[in-house]
Amino acid sequence: MFSKFLPDIYQKSVYKINYVKLKNSGIKCLIFDLDNTITSIDLNKPTKRLINLFNKLKNMGFKCLILSNSGKKRVEPFKNSLAVDSGFSSRKPSNKKYIKVMNNYNYIPDEIAAIGDQLLTDIYGANRMGFTSILVNPMGEKDFVVSIFNRFIEKIIFRTFRKRDLFTRGKYYD
């Protein structure tokens, strides 16, 4: 049961992911979570570093998207500044927006990697779809109320992973 929450890749941040390796493995589309994945929840626009990362990824040939459970007002400034498509109020781990991405852009699950900071929404949703799932550490200490509850459940899952020697926080892998 807990294997549905186990990420394929675990890195410290979106800046540490081996995107060349992803490209070489056939990944064409990167779906990024917004809050605490590519930005902390208290920033309302992307940093220069994030803009540079997204420009680099697009130049590598990746289709980059933001898929967030946050509302349109929160997502739009990032969508516009990063010049990417996005989905808001996605209700992850629901598969509805993921299916929409596959249909709109004509990708199959093996061509998509989903990147996020939460096991219960980002990783579980990606694994259910058969995408490459990439967990990163949260960018900030603050969380939205729903995320605080999710983090409590995550601690139990992380503890189970550690006991079974499946995953340890801070031991990064790709």
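All residue numbers here refer to positions counted from 1 along the written sequence of the relevant chain. The predicted nature of this model means local features are confined to residues of pLDDT at least 70 and side-chain atom pairs, given and counted, to a pLDDT of 80 or more, with totals for whole chains, interfaces and linings taken over all residues. Here the side-chain values reflect all heavy atoms present in the structure, with hydrogen atoms and water set aside.

**Student:** Summarise the environment of Leu 34; cite the residues concerned and give the values.
**Tutor:** Structurally, Leu 34 is set in the loop between β2 (29-32) and α2 (48-59). Judged by relative accessible area, which is 0%, Leu 34 ranks as buried. Along the sequence, Leu 34 and Asn 103 sit 69 residues apart, while their C-alpha atoms lie 22 Å from each other. The way it works is that DSSP assigns letters per residue, a run of H or I at least four long becomes a helix, a run of E at least two long becomes a strand, and they are numbered from the N terminus. Three exposure classes are used, based on accessible area relative to the maximum for each residue type with a 1.4 Å probe and protein chains only: buried under 20%, partly exposed in between, and exposed over 50%.

**Student:** Kindly report on the sheet that holds strand β4 (residues 85-87), identifying the contributing residues and their values.
**Tutor:** Paired strands, as defined in this entry, are two strands with at least two bridges between them according to DSSP. Strand order across the open sheet formed by six strands is β1-β6-β5-β2-β3-β4, with parallel pairing between neighbours. Two strands bound the open sheet, and with one partner strand each, they are β1 (9-11) and β4. Taking the axes of each pair of neighbouring strands and ignoring which way they run, one obtains an average angle of 25° across the sheet. Of the strand pairs in this sheet, strand β3 (residues 63-67) and β4 are connected by three bridges, and their pairing is parallel. Paired with Ile 66 across the strands is Ser 86, a residue of β4. Any two residues whose heavy atoms approach within 4.5 Å are treated as being in contact. Note on geometry: axes are C-alpha line fits, over the in-contact stretch for helices, and angles between N-to-C directions span 0 to 180 degrees. Here helix α5 (residues 119-129) sits on the sheet in contact with β5 (112-116) and β6 (132-136), set at roughly 160° to β6.

**Student:** Lay out α2 in plain terms, naming residues and giving numbers.
**Tutor:** Taking 1.5 Å per residue, 12 residues should reach 16 Å; α2 reaches 16 Å between its end C-alpha atoms and fits that length. Of the residues making up α2, those classed as buried are Leu 50, Leu 53, Phe 54 and Leu 57. Along the axis of α2, the buried positions cluster into a sector of 95°, meaning they face one direction only. Turned more than 90 degrees away from the buried face of α2 sit Lys 48 and Asn 59, all of them exposed. One less than the residue count of a helix, multiplied by 1.5 Å, gives the span that helix is expected to have. The arc in question is traced by the directions running from the helix axis to the C-beta atoms.

**Student:** So what about the pairing of β5? Which residues, and what values?
**Tutor:** Two faces make up the sheet, and in a regular strand the side chains alternate between them. Burial runs high along β5: five of the five residues are buried. The side-chain alternation of β5 yields two buried faces, one formed by Ile 112, Ala 114 and Gly 116 and the other by Ala 113 and Ile 115. By the bridge criterion, four bridges tie β2 to β5 in an arrangement that is parallel. Counted as the bridge partner of Leu 30 is Ala 113 from β5.

**Student:** Run through helix α4 (residues 96-105), naming residues and quoting values.
**Tutor:** For α4, the complete set of buried residues consists of Tyr 98, Val 101 and Met 102. What you see down the axis of α4 is that its buried residues fit within an arc of 95°, all on one side. Residues of α4 that are exposed and point more than 90 degrees away from the buried face comprise Lys 96, Asn 103 and Asn 104. Buried residues along α4 sit against β2, β3, β5 and α5. Where α4 terminates, the next one or two residues include Asn 106, which has phi positive at roughly 60°.

**Student:** Describe the environment of Thr 37, listing the residues and the values that go with them.
**Tutor:** Counting through the fold element by element, Thr 37 comes out in the loop between β2 and α2. Overall, Thr 37 belongs to the buried group, its relative accessible area being 1%. Between the C-alpha atoms of Thr 37 and Gly 125, which are 88 residues apart in sequence, the distance is 15 Å. Apart from residues no more than four positions distant in its own chain, Thr 37 is found in contact with Val 14, Ile 115, Gly 116, Asp 117, Val 136 and Met 139. For this analysis, a polar contact is any N or O atom pair within 3.5 Å, provided that within protein one partner can donate a hydrogen and the other can accept it, and provided that sequence-adjacent residues contribute only side-chain to side-chain pairs. Within polar-contact distance, the side chain of Thr 37 engages the side chain of Asp 117 at 2.9 Å.

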